[in-house]
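Working through the structure, step by step
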Number of protein chains: 2
Amino acid sequence: MLKQMGKAAKAASMEMMNISAQKTSAALLAIADALIDNTDRILSENEKDIAAFVEKGGKKTMVDRLKLTKERIFDMAEGIRKVEGLSSPVGEVSSMTLRPNGLKIGKKRVPLGVIGIIYEARPNVTVDAAALCIKTQNACILRGGSEALLSNSIICDIISQALASVGYPENAVQLIKNTDRSVAVEMMKLNDYIDVLIPRGGAGLIKTVVNTATVPVIETGTGNCHIYIEKSADFNMALDIAVNAKTSRPSVCNAAETLLVDEDIAEEFLPAIYDALAPYCVEIRGCHKTKKILEDITLATEEDFYTEYNDLIFAVKVVSGTNEAISHINEHGTGHSEAIVTNDYSKSNQFLDEVDAAAVYVNASTRFTDGFEFGFGAEIGISTQKLHARGPMGLNELTTTKYIIYGNGQIR
Amino acid sequence: MLKQMGKAAKAASMEMMNISAQKTSAALLAIADALIDNTDRILSENEKDIAAFVEKGGKKTMVDRLKLTKERIFDMAEGIRKVEGLSSPVGEVSSMTLRPNGLKIGKKRVPLGVIGIIYEARPNVTVDAAALCIKTQNACILRGGSEALLSNSIICDIISQALASVGYPENAVQLIKNTDRSVAVEMMKLNDYIDVLIPRGGAGLIKTVVNTATVPVIETGTGNCHIYIEKSADFNMALDIAVNAKTSRPSVCNAAETLLVDEDIAEEFLPAIYDALAPYCVEIRGCHKTKKILEDITLATEEDFYTEYNDLIFAVKVVSGTNEAISHINEHGTGHSEAIVTNDYSKSNQFLDEVDAAAVYVNASTRFTDGFEFGFGAEIGISTQKLHARGPMGLNELTTTKYIIYGNGQIR
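What comes next is a walk through the structure. Bear in mind that the values here come from a model prediction, so they are computed numbers and not experimental data. (Residues numbered from 1 in each chain as written. Chains lettered and ligands numbered in written order. Predicted model: local features only at pLDDT ≥ 70, side-chain atom pairs only at ≥ 80, totals over all residues. Heavy atoms only, no water.)

**Looking at the nonpolar core**
Among the nonpolar cores identified, the biggest contains 77 residues, and Leu35, Ile117, Leu142, Ile155, Leu163, Val173 and Leu197 of chain A are the most heavily contacted of them. Looking at which element gives the most residues to this core, the answer is helix 6 (residues 124–135) of chain A, with eight residues. Not counting the four nearest positions on each side in its chain, Val173 of chain A is found in contact with Ala130, Ile134, Cys140, Leu142, Cys156, Ile159, Ser160 and Leu163 of chain A. One finds Ala32, Met76, Ile141 and Ala389 of chain B within the second-largest nonpolar core, a separate group that totals 76 residues. (Core = buried A, V, L, I, M, F, W, Y, C linked by side-chain atoms within 4.5 Å. Buried < 20%, exposed > 50% of the residue type's maximum accessible area, 1.4 Å probe, protein only. Helix = DSSP H or I, 4+ residues; strand = E, 2+ residues; numbered from the N terminus. Contact = heavy atoms within 4.5 Å.)

Okay, here's the thing in structure tokens:
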């Protein structure tokens, strides 16, 4: 069955490779309209998903992720209209060189082909992923969590009908409705038909996909992010950035998990950050040196420094200087987002050069690592690996290149 | 043991991330000199490898790949000197945008980190891979075939000594001397220390790595390449290109395996190409329509059209026109290199747009798909997949990017 879907997706992707921008826009706008028009049908299926999930004893935070409302559906449709308005990278020839033998070799941006997306309980990912794939002329095969099956099914049916209504390849977006694990495994090994897999969800899901898939995977990532306060830092700036990175949205991957403080300023800075974090009820877990200064905090274990809390907990470590801060980050970090607060020119450069992460900041909160904040107008995830895409992934990262070569009879 | 090597490689790669171009050049030139100085030692170990391989009944073609000579070692050293002279992409900031909030976001080209290379019996790959990795400031872990173990070992020892002699991190290049399959499998799953795996060798090796590895793989590929003669083609150009693509070096991946001919010109073109190929003793395996015109050829099976012969065999198929040629290629090709010979403007554009391959040619031989012919000055392989790198891979493809962000206190 999956092979049939794969074949259909490949065929759709071949049609889409050369489709006009007008047709792509028409398809996206038709989907946005159809979602609004079918709001009641979507909400009714979503209610069934939620009822079944609650009955099974599903967690309240998960229910929130699963739940759709009229407003959320409106936002989903607005999101599609925004994607429609972005300029597509497909077709751009980024370079064209003339070789000594007269060959003209151009590098052209083209769709990836068929993208597989594996995600958890959030039905808005269905719409989001479909819109980004259509905009970049990629077909997609979606596999969402079983808790959201009815919601995802109705959304995908509406998408297919909308595509058909404007003469767009209907198999551009397909949902795997069999949520058995074995089918997901089969999908991860469907190398003949799927060009790339993008898992979107928690660390467990991503690890499973990386370990199981033979299809190339773009790993979107966990973020154990650090804020390092160098001794020359502006004190108020340092406090603002540390508080913002920890507390503005602690559950997301670009939130900070560990604060590193230079020992020369620790006695002054630690009590100040302690007071600044107090209104947010942040639990501080500090190293021995930290605990000497802030006596009533918890002592951090080595494990703490490897943990992405996604919560109002902040690990704190006093370091001897920039060298120790950088080694600590490269050892414990997940290569997501790292920041130094400093007013020292050479320390700022050293940090930018030597920290091995997707996004390295001087004097700003790590919370800016995001496709919208970076100006991409869209985001399919944040890559913490080094192949193909690193950092926030926008439309460009959903494309590849091919060489187009113009000759006049050259042989070798 | 492998974990220790991984740790050492990671540590070396951290040192290399910020190493000066002078030191990189000194390291490369020291290796080139050391290879020449130690020619006799290398040849003596290589002779032992060959003797053992011949005793085991190794194939003659394999012996040729395994064998080193004074000239080949000289060429290896010259190759390193050429790599030293290339300009490195590392450090380039390809874009820097100013966001409305004042953040300056730059995209900087940086080394991948640690590259694992798995290859077969050719000891020159050891030198080649090491040089390209050092030039791009990547550490590498090499795993060559067991037949070449003594040759690879002495070469790697010489490389390490040369690196040490100029104060370069010695663990920049490490060879896995235990050639057990289980160790190779362990290497393919060493995600904590290896950033990318590049297999170099035959289809079997590449398939094994793709199916086994959890470390991201850059697939270098097999080439089932096509030459399509459209009806408006210049006849002599078409003959030259078809003969060149098939016969100039049939064993390589950019050689053509199938010839597609428009039916309108088949009666005239097929006898001409038959005569043109005759001096090269090329066996033609044709479809039914081809066999009607060239009666004494072999009838091709469907399997023939999927086969990368790497030999003086040419599959030939008569097609109804450009649409059929493109679907045949997208169905049977391996996404490597594909060529149309035509004088029709819209057909040439259709072929460039719709053929899904790393390199698509108009009026030139597929034999040009090569890092040197493309002007990269180096080549680590030819990628037939779509992630990260597609087509010939030079220095640029051995790097990744990171975002560097300059703020002045921005919070979100």
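Read on for the rest.
**Quick word on the interface of chain A and chain B**
Chain A puts 72 residues into the contact, and the matching count from chain B is 72 residues. Here chain A meets chain B over a buried area of about 5900 Å², counting both sides, of which 53% is carbon and sulfur. When the buried surface of chain A facing chain B is broken down by residue, Leu387, Tyr403 and Arg412 of chain A rank first, second and third, together holding 14% of it. On the surface where chain A and chain B come into contact, there are eight salt bridges. When the shortest N-O distance is used, the salt bridge between Lys108 of chain B and Asp353 of chain A registers 2.8 Å. Inspection of the chain A/chain B interface yields 43 residue pairs in polar contact (both at pLDDT 80 or more). Elements supplying a minimum of two residues to the side of chain A that touches chain B: helix 1 (2–16), strand 2 (104–111), helix 9 (203–212), helix 10 (235–247), helix 14 (345–354), strand 13 (359–364), strand 15 (391–393) and strand 16 (399–410) of chain A. Here strand 16 of chain A runs beside strand 13 (residues 359–364) of chain B; their pairing, made up of five bridges, is parallel. (Buried area = accessible area lost by both parts, 1.4 Å probe. Salt bridge = Lys/Arg side-chain N within 4 Å of Asp/Glu carboxyl O. Polar contact = N/O pair within 3.5 Å; in protein donor to acceptor, adjacent residues only side chain to side chain. Pairing = 2+ DSSP bridges.)

**Comments concerning the packing of helix 2 (residues 21–37) of chain B against helix 7 (residues 149–165) of chain B**
Residues and elements named next belong to chain B. Where helix 2 contacts helix 7, the axes come no closer than 8 Å and their chain directions differ by 135°. Looking at the two axes, helix 2 sits oblique to helix 7. As helix 2 runs across helix 7, the sense of the crossing is right-handed. Counting all contacts with helix 2, which are made through Ala27, Ala30, Ile31, Ala34 and Leu35, the residues of helix 7 involved are Ile155, Ile158, Ile159, Ala162, Leu163 and Ser165. Residue composition of the contact of helix 2 with helix 7, grouped by class: ten nonpolar, one polar and no charged. (Axes fitted to C-alpha atoms, helices over the stretch in contact; angles between N-to-C directions. Parallel < 35°, antiparallel > 145°, perpendicular 65-115°, else oblique. Left-handed = near helix turned anticlockwise from the far one by under 90°. Nonpolar A, V, L, I, M, F, W, Y, C, P; charged D, E, K, R; others polar.)

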